[in-house]
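Here are the chains, one letter per residue:
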Amino acid sequence: MVMRLDKLLANYGIGTRKEVKSLIRKGFVKVNGMIIKKDDFKVDHEIDEIVFDDELIEYRPYVYIMLNKPAGYISATKDNLHPTVLELIEGYENYDLFPVGRLDLDTEGLLLITNDGDFSHKLLAPSRNHSKIYFANIAGVMDEQDIQAFKDGIILNTGYHCKPANLEIINKNNDSCDVRIEIFEGKFHQVKKMVEVCGKEVIYLKRLSIRNLELDRSLSLGDFRELSNEELVDLMEDL
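In this convention, every chain numbers its residues from 1, walking through the sequence in written order. Confidence filtering applies because this is a predicted model: local features only for residues at pLDDT of at least 70, side-chain atom pairs given and counted only at 80 or more, and all residues used for totals across whole chains, interfaces and linings. Side-chain numbers come from the whole structure's heavy atoms, not from hydrogens or water.

J.: Could you clarify how one ought to interpret the UniProt feature "domain: RNA-binding S4" (unreviewed entry) in the protein in this entry?
T.: UniProt positions are given in the numbering used here, feature names are shortened, and annotations may be inferred rather than shown by experiment. On the UniProt side, "domain: RNA-binding S4" (unreviewed entry) is annotated at positions that read residues 3–61 here. Helix and strand definitions here come from DSSP, where helices need a minimum of 4 consecutive H or I residues and strands a minimum of 2 consecutive E residues; each element is numbered from the N-terminal end. In the segment residues 3–61, helix accounts for 29% and strand for 25%; the C-alpha atoms at its two ends are 10 Å apart.

Structure, rendered in structure tokens:
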């Protein structure tokens with residue numbers, strides 16, 4: 001990918017575009033062993049060796065981050081009422097990150113953060129039927145009739161007919177139960193609305209996986225890490 005030298009260094013996190021321009025003009029940057037003082041100099045991060053103040057720059061145009069989202073954070077880049085999930089991601093301020101899809105304010109679990117719009121679009125496209133698995137604690141006891149209703153496709157109160165989904169009852173108590181729910185789309189509040197149609201209520205909801213990517217159980221709520229190369233290759237296969 002060919003881009004301006006000042007943009008690449010700013011994206012890398014060296015400083016703002018204005019700060020980077022000044023540093024380039026002062027001779028802090030070498031490209032393929034030559035000092036470059038033109039901030040609009042074109043470089044290709046896959047071919048050129050770029051060195052800033054004797055540090056080799058290993059630039060990546062895209063980043064892919066797994067976040068264990070806690071409740072109380074909204075899946076957006078900006079919000080006037082609530083903190084956003086991007087406020088949990090430190091050290092990537094120059095990457096123009098955004099969440100891939102959304103989890104409700106009170107929902108926890110796996111949320112992907114990236115700056116790759118094409119990747120996000122393909123992962124979210126309803127036509128691709130990507131699996132999303134959730135753990136839920138339910139007020140009320142779900143039964144075989146509910147399992148079948150999920151398989152047939154729940155019709156929401158709005159009239160929308162959900163795609164067939166999978167409901168597994170993990171544990172039952174007198175007036176509540178724990179379930180695992182797999183859906184293949186991502187409508188607004190979909191899991192909660194599907195459970196509501198069955199006459200029950202979601203008390204707690206956590207996303208466990210997207211497609212074949214599972215939430216890293218070693219991540220505490222609010223923690224994040226970049227996807228490994230293996231995870232990224234698996235997630236993008238046939239995307």
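After that view of the structure, there is still more to cover.
J.: Mind showing me how you'd approach unusual backbone geometry here?
T.: Of all residues except glycine, most have a negative phi; of all peptide bonds, most are trans. Phi at Asp-96 takes a positive value of approximately 50 degrees, unusual for a residue other than glycine. Relative to the helices and strands, Asp-96 resides in the loop between strand 7 (64–69) and strand 8 (98–99). We note that Asn-129 has phi near 55 degrees; this positive angle belongs to a residue other than glycine. Looking at where Asn-129 falls in the secondary structure, it is placed in the loop between helix 3 (117–124) and strand 10 (132–139).

J.: Sorry if this is basic, but what is going on with the pattern of salt bridges here?
T.: Oppositely charged side chains may form a pair once their charged atoms are brought near each other. A pairing counts as a salt bridge when a side-chain nitrogen of Lys or Arg comes within 4 Å of a carboxyl oxygen of Asp or Glu. Scanning the model with the defined rule gives 14 salt bridges in all. One salt bridge connects Asp-118 with Lys-122, and the closest N-O pair in it is separated by 3.3 Å. Of the two residues, Asp-118 and Lys-122 both sit in helix 3, 4 residues apart, roughly one turn of that helix. Partly exposed residues are those whose accessible area sits between 20% and 50% of the maximum for their type, while under 20% is buried and over 50% is exposed, using a 1.4 Å probe and protein chains only. Assessed through its relative accessible area of 46%, Asp-118 is described here as partly exposed. Exposure remark for Lys-122: the relative accessible area of 26% places this residue in the partly exposed category. Between Glu-168 and Arg-180 there is a salt bridge, and its shortest N-O distance comes to 3.8 Å.

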